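Each chain, written out:
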Amino acid sequence: MAVPPPPLPTLQAPVDRHTHVVLRAAVVELVAAEQRRRFPTAVHAGAPGRCLRHVDDPPSDAGLRADLALALLRGAATLTPRPLLWLTRPGELSPHDEDLRWVGPAAWAGRALGLDVGLVVVTRRGWFDPVSDVRREWRRLRPPPTTR
(Lines give C-alpha, C1' and ligand atoms only; values in the text may rest on other atoms or scores of the structure.)
Protein backbone atom coordinates (compact mmCIF):
# COMPACT_ATOMS: atom_id res chain seq x y z
CA MET A 1 0.00 0.00 0.00
CA ALA A 2 1.49 3.33 -1.04
CA VAL A 3 1.74 6.09 1.51
CA PRO A 4 0.30 9.37 0.20
CA PRO A 5 2.78 12.24 0.07
CA PRO A 6 2.51 14.86 2.80
CA PRO A 7 0.52 17.96 1.88
CA LEU A 8 2.40 20.88 0.38
CA PRO A 9 3.17 23.72 2.79
CA THR A 10 0.82 26.63 2.15
CA LEU A 11 -0.09 29.98 3.59
CA GLN A 12 -3.39 30.06 5.40
CA ALA A 13 -5.54 33.15 5.91
CA PRO A 14 -5.16 35.15 8.03
CA VAL A 15 -1.43 35.44 7.38
CA ASP A 16 0.67 36.08 10.48
CA ARG A 17 2.15 39.56 10.95
CA HIS A 18 5.78 38.53 10.28
CA THR A 19 4.90 36.87 6.96
CA HIS A 20 2.76 39.85 5.91
CA VAL A 21 5.56 42.32 6.66
CA VAL A 22 8.20 40.25 4.85
CA LEU A 23 6.07 39.68 1.75
CA ARG A 24 4.98 43.32 1.55
CA ALA A 25 8.65 44.32 1.78
CA ALA A 26 9.42 41.87 -1.05
CA VAL A 27 6.80 43.57 -3.25
CA VAL A 28 8.11 47.04 -2.36
CA GLU A 29 11.67 45.92 -3.08
CA LEU A 30 10.62 44.59 -6.50
CA VAL A 31 8.75 47.82 -7.35
CA ALA A 32 11.77 49.91 -6.35
CA ALA A 33 14.46 47.77 -7.98
CA GLU A 34 12.93 46.61 -11.23
CA GLN A 35 11.87 49.27 -13.73
CA ARG A 36 11.83 47.06 -16.82
CA ARG A 37 8.53 45.78 -18.20
CA ARG A 38 10.03 42.31 -18.83
CA PHE A 39 12.67 40.95 -16.49
CA PRO A 40 13.95 37.48 -15.65
CA THR A 41 12.30 35.36 -13.00
CA ALA A 42 14.33 35.12 -9.79
CA VAL A 43 14.05 32.86 -6.75
CA HIS A 44 14.79 34.46 -3.36
CA ALA A 45 15.28 32.91 0.07
CA GLY A 46 15.44 34.78 3.38
CA ALA A 47 13.87 38.19 3.90
CA PRO A 48 14.13 41.35 1.77
CA GLY A 49 17.48 42.99 2.44
CA ARG A 50 18.81 39.72 3.90
CA CYS A 51 18.29 37.16 1.19
CA LEU A 52 20.03 35.02 -1.37
CA ARG A 53 18.85 35.13 -4.96
CA HIS A 54 19.08 33.02 -8.09
CA VAL A 55 18.03 34.38 -11.47
CA ASP A 56 16.14 31.58 -13.18
CA ASP A 57 17.37 30.56 -16.66
CA PRO A 58 14.95 28.50 -16.21
CA PRO A 59 16.38 25.14 -15.20
CA SER A 60 14.36 22.45 -16.94
CA ASP A 61 15.13 19.75 -14.39
CA ALA A 62 13.11 19.45 -11.18
CA GLY A 63 16.15 18.01 -9.39
CA LEU A 64 18.20 21.09 -10.23
CA ARG A 65 15.40 23.36 -9.00
CA ALA A 66 15.27 21.33 -5.75
CA ASP A 67 19.05 21.64 -5.30
CA LEU A 68 18.87 25.40 -5.93
CA ALA A 69 16.00 25.84 -3.45
CA LEU A 70 17.86 23.75 -0.86
CA ALA A 71 21.09 25.76 -1.27
CA LEU A 72 19.23 29.08 -1.11
CA LEU A 73 17.24 28.10 2.00
CA ARG A 74 20.31 26.66 3.75
CA GLY A 75 22.23 29.89 3.16
CA ALA A 76 19.25 32.08 4.07
CA ALA A 77 18.85 30.27 7.40
CA THR A 78 22.15 31.86 8.44
CA LEU A 79 20.86 35.33 7.50
CA THR A 80 17.42 35.31 9.12
CA PRO A 81 15.71 33.08 11.71
CA ARG A 82 12.52 32.55 9.64
CA PRO A 83 13.49 32.44 5.97
CA LEU A 84 10.80 32.58 3.31
CA LEU A 85 11.10 31.43 -0.29
CA TRP A 86 9.62 33.60 -3.03
CA LEU A 87 9.70 33.90 -6.78
CA THR A 88 9.73 37.34 -8.43
CA ARG A 89 8.48 37.67 -11.97
CA PRO A 90 6.64 40.08 -14.25
CA GLY A 91 2.97 39.61 -15.00
CA GLU A 92 -0.27 39.23 -13.17
CA LEU A 93 -1.15 37.54 -9.90
CA SER A 94 -2.26 34.29 -11.46
CA PRO A 95 -0.43 30.96 -11.59
CA HIS A 96 2.03 30.59 -14.45
CA ASP A 97 3.78 27.41 -15.52
CA GLU A 98 7.10 28.59 -14.11
CA ASP A 99 5.48 29.18 -10.69
CA LEU A 100 4.14 25.64 -10.61
CA ARG A 101 7.50 24.19 -11.68
CA TRP A 102 9.01 25.52 -8.42
CA VAL A 103 6.26 24.42 -5.97
CA GLY A 104 7.37 20.79 -5.52
CA PRO A 105 11.13 21.46 -5.37
CA ALA A 106 10.55 24.31 -2.88
CA ALA A 107 8.43 22.08 -0.63
CA TRP A 108 11.04 19.30 -0.79
CA ALA A 109 13.87 21.71 0.11
CA GLY A 110 11.93 23.09 3.06
CA ARG A 111 11.18 19.61 4.39
CA ALA A 112 14.81 18.55 3.93
CA LEU A 113 15.84 21.38 6.25
CA GLY A 114 12.94 20.92 8.68
CA LEU A 115 11.36 24.23 7.67
CA ASP A 116 7.66 24.75 7.01
CA VAL A 117 8.34 26.80 3.89
CA GLY A 118 6.32 26.93 0.71
CA LEU A 119 6.75 29.08 -2.36
CA VAL A 120 5.15 32.50 -2.71
CA VAL A 121 5.00 34.38 -6.01
CA VAL A 122 5.71 38.13 -5.93
CA THR A 123 4.86 40.57 -8.72
CA ARG A 124 4.62 44.36 -8.82
CA ARG A 125 0.94 44.12 -7.86
CA GLY A 126 1.29 41.90 -4.78
CA TRP A 127 1.92 38.30 -3.78
CA PHE A 128 0.10 34.97 -3.77
CA ASP A 129 0.57 31.36 -2.73
CA PRO A 130 0.05 29.23 -5.86
CA VAL A 131 -1.14 26.25 -3.78
CA SER A 132 -3.68 27.84 -1.41
CA ASP A 133 -4.34 30.99 -3.49
CA VAL A 134 -3.98 33.15 -0.36
CA ARG A 135 -2.99 36.54 -1.70
CA ARG A 136 -2.55 40.22 -1.06
CA GLU A 137 -2.86 42.75 -3.85
CA TRP A 138 -2.30 46.48 -4.02
CA ARG A 139 -3.49 48.86 -6.75
CA ARG A 140 -0.58 51.20 -6.32
CA LEU A 141 2.27 50.32 -4.02
CA ARG A 142 5.14 52.74 -3.91
CA PRO A 143 8.43 52.40 -2.12
CA PRO A 144 8.95 54.68 0.87
CA PRO A 145 10.76 57.93 0.04
CA THR A 146 14.52 57.76 0.32
CA THR A 147 16.22 60.06 2.78
CA ARG A 148 19.33 61.93 1.79
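Residues numbered from 1 in each chain as written. Predicted model: local features only at pLDDT ≥ 70, side-chain atom pairs only at ≥ 80, totals over all residues. Heavy atoms only, no water.

Visitor: Honestly, the overall build of the chain in this entry has me stumped. Any pointers?
Guide: Counting its secondary structure elements, the chain contains three helices and six strands. The N-to-C order of helical and strand elements in the chain reads α-β-β-α-β-α-β-β-β. Taking 2.2 N^0.38 as the reference for a compact globule, 148 residues should give roughly 15 Å; the C-alpha atoms of the chain span a radius of gyration of 15 Å, in line with that estimate. Sequence separation of 24 or more characterises 70% of the internal contacts of the chain that already satisfy a separation of 6 or more. (Helix = DSSP H or I, 4+ residues; strand = E, 2+ residues; numbered from the N terminus. Rg over C-alpha atoms; globule rule 2.2 N^0.38 Å. Contact = heavy atoms within 4.5 Å.)

Visitor: Looking at this structure, I do not really get the side chain of T80. What am I missing?
Guide: If you trace the backbone, T80 turns up in the loop between α2 (62–76) and β3 (84–88). What makes T80 buried here is its relative accessible area of 4%. Once residues lying within four places of it in the same chain are set aside, the contact partners of T80 are G46, A47 and R50. (Buried < 20%, exposed > 50% of the residue type's maximum accessible area, 1.4 Å probe, protein only.)

Visitor: What's the story with the pattern of salt bridges in this structure? I'm lost.
Guide: Pairing of side chains with opposite charge becomes possible as their charged atoms draw close. Per the counting criterion, the structure on display carries five salt bridges. Of the charged contacts in the structure, one is a salt bridge between R82 and D16, with a shortest N-O distance of 3.4 Å. Highlighted residues: R82 in the loop between α2 and β3 and D16 in the segment before α1 (17–33), separated in sequence by 66 residues. Among the residues examined, R82 registers a relative accessible area of 43% and is labelled partly exposed. (Salt bridge = Lys/Arg side-chain N within 4 Å of Asp/Glu carboxyl O.)

Visitor: How should I be thinking about helix α3 (residues 97–112) in this particular structure?
Guide: Owing to its 3.6 residues per turn, the α-helix brings residues three or four apart onto one side. Between its terminal C-alpha atoms α3 stretches 24 Å, which fits the 22 Å expected from 16 residues at 1.5 Å a residue. Three or more residues of α3 are buried, namely D99, W102, V103, P105, A106, A107, A109 and G110. One or two steps after α3, the chain reaches G114, where phi turns positive at roughly 75 degrees. (Expected span 1.5 Å × (residues − 1).)

Visitor: I would appreciate a short explanation of the nonpolar core in the present structure.
Guide: The nonpolar side chains of a soluble globular protein tend to be buried, and buried together. Among the nonpolar cores identified, the biggest contains 19 residues, and V43, A45, L73, L85, L87, W102 and L119 are the most heavily contacted of them. Other than its neighbours up to four places away in sequence, L119 contacts L85, W86, L87, D99, W102, V103, A106, D129 and P130. The next biggest cluster of nonpolar side chains, apart from the first, holds 18 residues, and it includes L23, A26, V31 and V120. (Core = buried A, V, L, I, M, F, W, Y, C linked by side-chain atoms within 4.5 Å.)

Visitor: Would you take a moment to explain the sheet that holds strand β4 (residues 119–123) for this structure?
Guide: What holds strands together in a sheet is hydrogen bonding between their backbones, with the strands either parallel or antiparallel. In space, the six strands of this open sheet follow the order β2-β1-β3-β4-β5-β6, with mixed pairing throughout. At either margin of the open sheet sits one strand with a lone partner, and together these are β2 (50–55) and β6 (135–137). Between one strand axis and the next, the sheet turns through 25 degrees on average, direction left out of account. Relative to β2, strand β1 (residues 42–47) runs antiparallel, the two being bridged by six bridges. (Pairing = 2+ DSSP bridges. Axes fitted to C-alpha atoms, helices over the stretch in contact; angles between N-to-C directions.)

Visitor: Looking at this structure, how should I read the environment of V122?
Guide: If you trace the backbone, V122 turns up in strand β4. A relative accessible area of 0% means that V122 is categorised as buried. In this structure the C-alpha to C-alpha distance between V122 and A66, which are 56 residues apart in sequence, comes to 19 Å.

Visitor: I tried to follow empty space enclosed by the protein on my own but got confused; where do I start?
Guide: Unfilled space is identified by rolling a water-sized probe across the atoms. Throughout the structure, instances matching the rule amount to one cavity of 30 Å³ or more. Considered as a void within the structure, the largest cavity measures approximately 30 Å³ in volume. Taken together, L8, P9, V103, A106, A107, G118, L119 and V131 make up the lining of the largest cavity. A total of three residues in the lining of the largest cavity trace back to one element, the largest contributor, which is α3. Residues that form the lining of the largest cavity fall into these classes: seven nonpolar, one polar and no charged. (1 Å grid on protein atoms, 1.4 Å probe; cavity = no way out; pocket = protein on both sides within 12 Å on 5 of 7 lines; lining within 4 Å. Points joined across faces, edges and corners; volume = space filled by probe spheres on them. Nonpolar A, V, L, I, M, F, W, Y, C, P; charged D, E, K, R; others polar.)

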